[in-house]
Amino acid sequence: MRTRFPPSPTGALHLGGARTALFNWLFARHHGGEFVFRLEDTDRERSRDEHVDSIMGAMDWLGLDWDQGPFYQSQRFDRYRQAIQQMLDSGRAYWCHCPPERLDQVRQEALAKGGKPMYDGHCRELGLGPAPGAVVRFRGPNSGDTAWKDLIKGPISFANSELDDLVILRSDGSPTYHLAVVVDDVDMGISHVIRGDDHVSNTPRQILLYQALDSPVPQFGHVPMILGPDKTKLSKRHGATAVVDYRELGYLPEAMLNCLARLGWSHGDQEIFSRQELVELFNLEAVGRGAAVFDVDKLNHLNAHWLQQADPQRLADLLPPFLAARGVNAFDRATLVKAIPEIRPRTKTLVELADWAEPYLVEAPAIDPKAGAKFLVSANRPVLERVRGLVAELGVEAPEAMEEAFRQLAEELGVKLGGVAQPVRVALVGRTASPGIFEVLAILGRERSLARLDRALSAIQG
RNA sequence: GUCCCCAUCGUCUAGCCAGGUCCAGGACACCGGCCUUUCACGCCGGCGACACGGGUUCGAAUCCCGUUGGGGACGCCA
């Protein structure tokens, strides 16, 4: 049992492609089979090396490792030509000399007559040979049906009369997609072809090609498309559509995987799946047949969940680029690791985590103007002075004692606990929102806490 | 235009294949409350769907037909 993922390197790995890759990977891993990675770069015009790197980078980020490959179709042209020759010899293919203009005309006429714009088989029985500008076409049956039992959609059938004779060798001597995929899937022993919905109508023609090559036909499973919020095919105008975009937006690969898996596949009411659970539970039968709209809110929720599960050390490893984007380049890693468990319940992405971490990592955090104007005022001098004294006296290692002292202070000053905590909070981190005030003190430590309290005090004076 | 596919809350979906236990369950989002030193987290509650029309049946979200809507394909792109 062997699956494959064959993107064409003409752009970054999209969410749809990533999900297709994931399903193939999961299916192979679940059944203990193999997963093949191949690059369909027969279109030399649009294929680029940078896209190959980008796609492989995205696969790596998601942890979708392959057992064989990467294979490049551009390196297998000889094999394709051999297959085409085989079909020419057996009469399953023929040379066609029709110029593009005639093809256009034929299609126009067919369309006008209310039919499909198909090739009319003009050269089919002419017994032509190679010539400049000539192509090779597959000689398809013009009666009967081609059907298969789709692993996801069930029985599907096409009338062969709906299929025209497709080009398998271009006039420039390169093979076309249809021919290359089939030859590759045969040579690489692919048993299950799991791909996007948009390939359904390609399937009957490819099945015919397998038969013409006297090769076993694999099983097919067509997964529905991923749509944008407006229910049209997901594309750039919907915003971030590339997997790497989400890495930069601060999402964790395990969240992306979880999200992609649940987009079209389900296991009862379960929403949270680890990579391992996915491998154990994945099955094609539970993949839905309808298209699905991608919802960032759901990704946010999943990411928030996995962010809480992640090892703080690992998060600290992932954070530098996000901190650098905020201008924080040098900082004490130990402080960051200490802060992460406290700040992360308040965040959903690494971008937000970096935002919440910043006040603990810089020498003097910026004071939010509104917060400063409200809490760093002369009326709060006594509170800050008293708290400074408490921190100096008690340190930050005894939160119980500190809390008791805070409560006594609040009672003495006739305010609620918040009346004490808020000014201190703004003095310490420059914002009105933070983890519990005693946790903040613990993260900063005695000396830095005192320094910030002093700084706030002198700011009030000035 | 022709062919193919699809259709449950705003979104992802369970249920459908083996009709009744579904005046349809879960999750996200949204709204309200609780918790609370702030902000979150968490907990509780609320809002909210079987596209429409026929048929089969004692009984249909589940089976059949049609309609409508959506998507895809129709290339010397993949």
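Just above sits the structure.
A quick note: this is a predicted structure, and the numbers were derived from the prediction, not measured.

Rules behind the numbers
- Residues numbered from 1 in each chain as written.
- Chains lettered and ligands numbered in written order.
- Predicted model: local features only at pLDDT ≥ 70, side-chain atom pairs only at ≥ 80, totals over all residues.
- Heavy atoms only, no water.
- Helix = DSSP H or I, 4+ residues; strand = E, 2+ residues; numbered from the N terminus.
- Rg over C-alpha atoms; globule rule 2.2 N^0.38 Å.
- Buried < 20%, exposed > 50% of the residue type's maximum accessible area, 1.4 Å probe, protein only.
- Contact = heavy atoms within 4.5 Å.
- Salt bridge = Lys/Arg side-chain N within 4 Å of Asp/Glu carboxyl O.
- 1 Å grid on protein atoms, 1.4 Å probe; cavity = no way out; pocket = protein on both sides within 12 Å on 5 of 7 lines; lining within 4 Å.
- Points joined across faces, edges and corners; volume = space filled by probe spheres on them.
- Nonpolar A, V, L, I, M, F, W, Y, C, P; charged D, E, K, R; others polar.
- Pairing = 2+ DSSP bridges.
- Phe/Tyr/Trp six-rings, centres within 6.5 Å; stacked < 30°, edge-to-face > 60°.
- Lys NZ or Arg CZ within 6 Å of the ring centre and 35° of its normal.
- Axes fitted to C-alpha atoms, helices over the stretch in contact; angles between N-to-C directions.

Draft legend 1. Examining the overall build of chain A more closely. Summing up its helical and strand segments, chain A has 19 helices and 12 strands in all. Rg of the C-alpha trace for chain A: 31 Å, well past the compact-globule value of 23 Å for 462 residues, more than 25% over. For chain A, the spread of C-alpha atoms along the three principal axes comes to 105 × 40 × 40 Å. Counting the 462 residues in chain A, one finds 49% classified as buried. Taking as baseline every contact in chain A between residues at least 6 positions apart, the subset at least 24 positions apart corresponds to 75%.

Draft legend 2. Representation of the pattern of salt bridges within the structure. Across all of its chains, the model carries 32 salt bridges by this definition. For Arg38, the salt bridge identified is with Asp184, shortest N-O distance 3.4 Å. Highlighted residues: Arg38 in strand 2 (residues 34–39) and Asp184 in helix 5 (residues 177–187), separated in sequence by 146 residues. Comparing Arg38 with Asp184 shows no difference in burial state: the two are buried. Through salt bridges with shared partners, a single network forms among Arg4, Arg38, Glu40, Arg76, Arg79, Asp184, Asp185 and Asp187.

Draft legend 3. Seen up close, empty space enclosed by the protein. In total, this model carries 2 cavities of 30 Å³ or more according to the counting rule given. Space inside the largest cavity adds up to approximately 50 Å³. Considering only residue class, the lining of the largest cavity consists of 5 nonpolar, 2 polar and 3 charged. One number sums up the size of the second largest cavity: a volume of about 40 Å³. Forming the boundary of the second largest cavity are Trp356, Pro359, Tyr360, Val429, Arg431, Ala433 and Ser434. Here the element with the most residues in the lining of the second largest cavity is helix 14 (residues 350–361); it accounts for 3 residues. Here the lining of the second largest cavity is built from residues that sort into 5 nonpolar, 1 polar and 1 charged.

Draft legend 4. Inspection of the pairing of strand 7 (residues 154–159) at higher detail. Pairing of strand 6 (residues 145–150) with strand 7, which is carried by 6 bridges, proceeds in the antiparallel orientation. Bridge assignment links Lys149 to a residue of strand 7, and that residue is Pro155. Hairpin connection from strand 6 to strand 7: 3 residues lie between these consecutive antiparallel strands.

Draft legend 5. Looking closely at the packing of aromatic side chains. In total, this model carries 11 aromatic pairs according to the counting rule given. Between Phe406 and Phe438, the aromatic rings sit 5.0 Å apart at their centres with planes inclined by 75°, giving edge-to-face as the arrangement. Here Phe406, found in helix 17 (residues 399–413), pairs with Phe438, found in helix 19 (residues 437–461); they are 32 residues apart in sequence, far enough to count as distant. In terms of burial, Phe406 and Phe438 fall into one category: buried. Through a chain of ring-to-ring contacts, the aromatic side chains of Phe23, Trp265, Phe273 and Phe282 assemble into a single cluster. Positioned above the aromatic ring of Tyr119 is the side chain of Arg137, whose terminal nitrogen or guanidinium carbon lies 3.6 Å from the ring centre.

Draft legend 6. Expanded view of the sheet that holds strand 5 (residues 135–138). The strand order 4-5-8 describes an open sheet built from 3 strands, whose pairing is antiparallel. Across the chains shown, the open sheet's two edge strands, defined by having one partner strand only, are strand 4 (93–96) and strand 8 (167–169). The mean inter-strand angle of the sheet, taken between neighbouring strand axes irrespective of direction, is 45°.

Draft legend 7. Up close: the layout of surface pockets. In this model, the largest pocket occupies a volume close to 1,100 Å³. If you trace the largest pocket, you find 38 residues lining it, with Pro7, Ser8, Gly17, Asp198 and His199 closest to the centre. Elements with a minimum of two residues in the lining of the largest pocket: strand 1 (2–5), helix 1 (15–30), helix 5 and strand 9 (192–196). Counting residues per element, the lining of the largest pocket draws most heavily on helix 1, which supplies 6 residues. Looking at the lining of the largest pocket residue by residue, the class counts come to 15 nonpolar, 13 polar and 10 charged.

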